[in-house]
Amino acid sequence: VEEICNSVVDGNFEEVPRETVIKFKPPLYRQRYQFVKNLVEQHEPKKVADLGCGDTSLLRLLKVNPCIEFLVGVDINEDKLRWRGDTLAPLMGDYLKPRDLNLTITLYHGSVVERDSRLLGFDLITCIELIEHLDSGDLARFPEVVFGYLSPSMIVISTPNSEFNPLFPSVTLRDSDHKFEWTRMEFQTWALYVANRYDYSVEFTGVGEPPAGAENVGYCTQIGIFRKNGGKAMESCVSEQHDQHVYKAVFTTSYPSLQQERFFKLVLVNEVSQQVESLRVSHLPRQKKQDGEWDDTPKDSQASSPCFGPVFTEVEKAKIENSPKPFCVGDKFFVPLQRLLAYPKLNRLCANEEMMRSGIADSIPLSSDGSAVVADLRDYSDEQF
């Protein structure tokens with residue numbers, strides 16, 4: 001049964017005849033993860049925990065979302081957490097292009113029916129294909145811990161819809177570890193009771209549409225979206241909860257971000273340097289044309305074409321044109337900081353001139369009054385060819 005079930009749900013159809021298999025495109029597990037990802041993009045939670053995170057596939061999908069600052073996974077299988085933890089670590093690209101906001105990812109070994117105060121105050125907790133693995137005692141404690149104690153703003157619970165099972169060949173339970181699988185009525189009855197008891201509202205949906213002619217069985221995976229009435233997570237006092245740290249942290253990592261001074265300065269200096277160089281080259285008074293003649297007209301390359309640089313909106317163009325223009329004094333080229341702040345990328349990095357000045361002062365030459373970046377008008381490479 002387990003082999004047949006895995007072949008159907010996970011997208012590997014070699015063990016059963018093709019004509020009897022319901023194929024999900026994308027595979028059902030990906031549809032579940034994409035459902036959560038879409039929900040995160042819609043509601044932009046800062047703190048997200050996945051209970052029963054397994055191989056951390058959902059966490060890896062969610063970590064790229066810019067709104068998330070804390071991402072936590074909890075699972076009973078410590079070996080799997082240790083094995084998959086490194087897949088959540090920052091890559092070289094994350095250092096070259098830091099996030100806007102800090103991100104910390106932590107994996108905890110522990111049971112979802114244990115109380116740990118480090119999971120208090122979360123915006124979203126997901127339980128994807130989890131509850132069907134709980135025995136009756138743990139299932140009874142589950143709402144007390146997740147809804148009553150942790151009490152996040154939103155909870156997403158997915159579980160198999162047993163009404164769909166007759167469409168699979170020889171399937172009674174979809175996994176040998178499942179303690180139960182509910183009909184839609186059974187799941188909704190449980191969910192409504194829990195929501196009412198712990199002051200949540202709940203709506204029902206699912207993923208994995210049935211084949212034509214079997215629409216009456218509903219989705220293959222049924223999903224409940226629980227929202228805390230009032231919208232805010234319970235701000236439980238940690239001291240009153242006696243700092244209950246029962247989970248064991250087996251992996252943690254932090255991502256570089258623009259909130260960290262080191263990475264903010266690196267990105268800012270790089271962007272300013274690139275912008276100044278672009279302006280300097282475009283400002284050179286004598287540029288050789290392809291026909292060998294000289295063009296004495298300075299060119300403002302900042303109204304760039306799609307092939308050679310950023311494309312600005314009309315509002316952005318007007319802001320740039322109305323800002324103080326670069327100028328030359330002898331063989332020195334000056335770019336006012338106010339001009340640099342007019343460009344969208346730099347404007348997003350710096351709220352004002354003083355912020356830009358303090359961020360680049362140690363790395364880029366400034367005018368005596370600190371109001372402009374100073375560069376040599378001509379570079380040795382300008383004389384080549």
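Preceding this paragraph is the structure being described.
A few points on the structure. All residue numbers refer to position in the chain's written sequence, counted from 1. In view of the model being predicted, local features appear only for residues whose pLDDT reaches at least 70, and side-chain atom pairs are presented and counted only at 80 or more, with totals across whole chains, interfaces and linings using the full set of residues. Side-chain numbers here rest on the full set of heavy atoms in the structure, without hydrogens or water.

## Comments concerning helix α2 (residues 28-43)
Thought 1: In a regular helix each residue adds 1.5 Å, so 16 residues correspond to 22 Å; α2 covers 23 Å between its end C-alpha atoms and thus fits that length.
Thought 2: By the burial criterion, the buried members of α2 are Leu28, Gln31, Arg32, Tyr33, Phe35, Val36, Lys37, Leu39 and Val40. Comment: elements are numbered from the N terminus, with helices defined as DSSP H or I runs of at least four residues and strands as E runs of at least two. For a helix, the expected span equals 1.5 Å multiplied by the residue count minus one. Exposed residues in this analysis have more than 50% of their type's maximum accessible area, buried residues have under 20%, and partly exposed residues fall in between, with area computed by a 1.4 Å probe over protein chains only.

## A short note on the sheet that holds strand β13 (residues 372-376)
Thought 1: Pairing in this open sheet of three strands is antiparallel, and the strands run β11-β12-β13 from one edge to the other. The open sheet has two edge strands with one neighbour each: β11 (327-329) and β13. Taken over all neighbouring pairs, the strand axes of this sheet differ in orientation by 30 degrees on average, direction set aside. When DSSP finds at least two bridges between two strands, those strands are taken to pair. Note on geometry: axes are C-alpha line fits, over the in-contact stretch for helices, and angles between N-to-C directions span 0 to 180 degrees.

## Some words on the environment of asparagine 38
Thought 1: Mapped onto the elements of the fold, asparagine 38 is located in helix α2.
Thought 2: On the basis of relative accessible area, asparagine 38 is assigned to the partly exposed category, the value being 39%.
Thought 3: Between the alpha carbons of asparagine 38 and leucine 62 there is a distance of 9.8 Å; along the sequence they are 24 residues apart.

## Here we look at the sheet that holds strand β8 (residues 248-255)
Thought 1: Judged by pairing direction, the sheet is mixed, and its eight strands sit side by side in the order β6-β7-β5-β4-β1-β2-β3-β8 without closing on themselves. A strand with exactly one partner marks an edge of an open sheet, and here the two such strands are β6 (200-207) and β8. Averaged over all neighbouring strand pairs, the angle between strand axes comes to 15 degrees, with direction disregarded.
Thought 2: Note: strand β3 (residues 103-109) against β8, seven bridges, orientation antiparallel. Each residue of the ladder has a partner; that of histidine 109, found in β8, is lysine 248.
Thought 3: Every residue pair with non-hydrogen atoms within 4.5 Å of one another is taken to be in contact. Where helix α4 (residues 78-85) meets the sheet, its contacts fall on β2 (70-75), β3 and β8, and the angle it forms with β8 comes to roughly 20 degrees.

## Looking at a nonpolar patch on the surface
Thought 1: For patches, a residue must show more than 30% relative accessible area and have no salt bridge; joins then use 9 Å for like charges and 5 Å for nonpolar side chains, namely Val, Leu, Ile, Met, Phe, Trp and Tyr. Every accessible area reported is derived by Shrake-Rupley at a probe size of 1.4 Å, with residue values counting cover from the shown protein chains alone. Basic side-chain nitrogens of Lys or Arg form a salt bridge, by our definition, when they fall within 4 Å of a carboxyl oxygen of Asp or Glu. Side chains of Met92, Tyr95 and Leu96 sit close together on the surface and give an oily, nonpolar patch of about 380 Å² of accessible area.
Thought 2: Here methionine 92 lies in helix α5 (residues 92-96).

## As for helix α12 (residues 353-360)
Thought 1: For α12, the set of buried residues is Glu353, Met356, Arg357, Gly359 and Ile360. With its buried residues spanning 165 degrees around the axis, α12 presents them on a single face.
Thought 2: Packing partners of the buried residues in α12 comprise α8 (261-283), α10 (337-341), α11 (344-349) and β13.
Thought 3: Here a polar contact is recorded for every N or O atom pair within 3.5 Å, except that within protein the pair must consist of a potential hydrogen donor and a potential acceptor, and residues adjacent in sequence are included only if both atoms are side-chain atoms. Capping of α12 at its N-terminal end is provided by asparagine 352; its side-chain oxygen lies 3.2 Å from the backbone amide nitrogen of glutamate 354. This arc corresponds to the set of directions leading from the helix axis out to the C-beta atoms.

## What to know about the side chain of threonine 106
Thought 1: In this fold, threonine 106 is placed in strand β3.
Thought 2: Given a relative accessible area of 10%, threonine 106 falls into the buried group.
Thought 3: A distance of 3.2 Å separates polar atoms of two side chains, one belonging to threonine 106 and the other to threonine 252.
Thought 4: Apart from the residues lying within four places of it in its own chain, the contact partners of threonine 106 are Leu71, Val72, Gly73, Ala249, Phe251 and Thr252.

## Observations concerning the pairing of strand β4 (residues 124-128)
Thought 1: Counted residue by residue, β4 has five buried out of five residues, so it is predominantly covered.
Thought 2: Taken together, the three bridges between strand β1 (residues 47-51) and β4 define a ladder with parallel strand orientation. Note on β4: the bridge partner recorded for aspartate 50 is threonine 126.
Thought 3: Across five bridges, β4 lies against strand β5 (residues 154-160) in parallel orientation. Bridge pairing links isoleucine 125 to isoleucine 155 in β5.
Thought 4: By definition, the crossover connecting two strands over a helix is right-handed if that path, from the first strand to the second, turns clockwise as seen with the strands pointing away from the viewer. The β-α-β motif built from β4, the intervening helix α6 (residues 136-150) and the parallel element β5 has right-handed crossover chirality.

## Here we look at the pairing of β13
Thought 1: Within β13, four of the five residues are buried, which leaves it mostly tucked inside the rest of the structure.
Thought 2: Note that strand β12 (residues 332-336) and β13 share five bridges and pair antiparallel. Each residue of the ladder has a partner; that of valine 335, found in β13, is valine 373.

## Thoughts on the pattern of salt bridges
Thought 1: Scanning the model with the defined rule gives 17 salt bridges in all.
Thought 2: Across the salt bridge formed by glutamate 203 and arginine 227, the nearest N and O atoms sit 2.5 Å from each other. Here the residue glutamate 203 occupies a position in strand β6, and arginine 227 occupies one in strand β7 (residues 221-228), the gap between them amounting to 24 residues.
Thought 3: Exposure remark for arginine 227: the relative accessible area of 24% places this residue in the partly exposed category.

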